[in-house]
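# Observations on the three-dimensional arrangement
So the chains spell out like this:
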Amino acid sequence: MRILGISGSLRSGSYNTQALRACNVFVPEGSVLEIATLHDIPLYNADVQAEGFPENVVALSERVVAADAVLICSPEYNFSVPGVLKNVLDWLSRVDTKPLASKPTAIMGASTGRLGTARMQYHLRQILVSFDASLINKPEVMISGASTAFNEDGSFADERTVSVVQSLLQALVKHTEMLKRGRSAA
Ligand SMILES: Cc1cc2nc3c(=O)[nH]c(=O)nc-3n(C[C@H](O)[C@H](O)[C@H](O)COP(=O)(O)O)c2cc1C
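Quick look at the structure, then. (Residues numbered from 1 in each chain as written. Predicted model: local features only at pLDDT ≥ 70, side-chain atom pairs only at ≥ 80, totals over all residues.)

## As for the overall build of the protein chain
Within the protein chain one finds six helices and six strands. Ordering the α and β elements of the protein chain from the N terminus gives β-α-β-α-α-β-α-β-α-β-β-α. Over its C-alpha atoms the protein chain spans a radius of gyration of 16 Å, differing by no more than 12% from the 16 Å that the globule rule assigns to 186 residues. When the 186 residues of the protein chain are sorted by exposure, 38% land in the buried category. Nonlocal contacts in the protein chain, meaning residues at least 24 apart in sequence, comprise 78% of its contacts between residues at least 6 apart. (Helix = DSSP H or I, 4+ residues; strand = E, 2+ residues; numbered from the N terminus. Rg over C-alpha atoms; globule rule 2.2 N^0.38 Å. Buried ≥ 20, exposed ≤ 12 C-beta atoms within 10 Å, placed from the backbone. Contact = placed C-beta atoms within 7 Å.)

The structure is reproduced here in C-alpha cells:
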C-alpha cells in the first residue's frame, strides 16, 4: 500500500512535516509512506490553467492518483487552513482525473498552540467533502505544543500522541483495504 503524506507547511523545520516522518514507524510492513511538500506550486489562476496545468501541479496530482491513501498533516493558520494547502487543493479540484475523489484520506495536524489545529481540521474536512474524498472520521490527531512534541531523534515524545497516531494509521489502512476489497468484488 502506498500512502502519500502531504504537509501543509513549507517551513524547513516544520513540525507537520516532522510529524509525517514520525508516522513512518506506524505504517504496516510492505507499505510505504512517501512525503510530498508543496513547494513551487504557483497561485491558482484560471488563465494559467487555460494554458496548461503547471508541471508541479501535474506531478503532485499524479502522485495522489498513484497513492492508495492520503494523509494530510497541516498547521493551523489564523484558525483555518494555510493558504498554501488551500491553493493546492484548488488546483487539484480542477484536474480532470479528480485525484482525491473516493481517495481514502486522513487528516492530522500539529500546532504550537493549545488546540492542536482543531479549527483547521474542521475547515479542511469541509473542503474535502467537495472533493468527495473518503475521509477517516476518527481518531482525531491534534498535536498541541508542537515545539515539545518530538524527541531528538524525531519520534513523538508523548505516549498519547504515539497511541492516537498509530490508531489513525491503522484506521486509514483498514479503510483503504476495505474499499479495495469492495472495488474488486464489484
Ligand atoms: C500565519 C500564521 C498563523 C498562525 N495561526 C495559528 C493558529 O490560528 N492557531 C495555532 O494553533 N497556531 C497558529 N500559528 C502557529 C503555528 O502553529 C506554528 O507556527 C507551527 O509551528 C506551524 O507549523 P509548522 O511547524 O509545520 O510550520 C500560526 C503561525 C503562522 C505563521
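There's more to say after this.
## Comments concerning the nonpolar core
The biggest cluster of nonpolar side chains holds 46 residues, and the ones touching the most others in it are Ala19, Cys23, Val70, Leu71, Met108, Leu168 and Leu172. Considering every element that reaches this core, the biggest residue donor is helix α4 (residues 83-94), with six residues. Contact partners of Cys23, with chain neighbours within four places excluded, come to Gly5, Leu33, Leu71, Val165 and Leu169. (Core = buried A, V, L, I, M, F, W, Y, C linked by C-beta atoms within 7 Å.)

## So, unusual backbone geometry
Geometrically, the link from Lys138 to Pro139 is a cis peptide bond, its omega value of 0 degrees lying close to zero. With respect to the element layout, Pro139 can be found in the loop between β5 (134-135) and β6 (141-143). Backbone geometry at Lys98 places phi at a positive 45 degrees, although glycine is not the residue there. Mapped onto the elements of the fold, Lys98 is located in the loop between α4 and β4 (104-110). Of note, the phi angle at Thr117 is positive, near 75 degrees, even though the residue is not glycine. Following the sequence through the fold, Thr117 ends up in the loop between β4 and α5 (118-131).

## Looking at helix α6 (residues 159-185)
For α6, which comprises 27 residues, the first-to-last C-alpha distance of 39 Å matches the rise-based estimate of 39 Å (1.5 Å per residue) to within 8%. Listed in full, the buried residues belonging to α6 are Thr161, Val165, Leu168, Leu169, Leu172, Val173 and Thr176. In this fold, the buried residues of α6 make contact with α1 (15-23), β3 (69-73), β4 and β6. (Expected span 1.5 Å × (residues − 1).)

## Notes on the pairing of β4
Put simply, side chains in a regular strand alternate between the two faces of the sheet. With seven of seven residues buried, β4 is to be regarded as a mostly interior element. Of the two faces of β4, the one carrying Pro104, Ala106, Met108 and Ala110 and the one carrying Thr105, Ile107 and Gly109 are both buried. Sheet topology note: the β3/β4 ladder contains four bridges and is parallel. Considered in β4, the bridge of Ile72 is made with Ile107. The β-α-β motif built from β3, the intervening α4 and the parallel element β4 has right-handed crossover chirality. Bridging between β4 and β5 involves two bridges; their strand directions are parallel. Among the inter-strand pairings, Pro104 is bridged to a residue of β5, identified as Ser134. In this sheet, β6 lies alongside β4 in parallel orientation, the contact comprising three bridges. What sits directly across from Gly109, in β6, is Met142. (Pairing = 2+ DSSP bridges. Right-handed = clockwise from strand over helix to strand, strands pointing away.)

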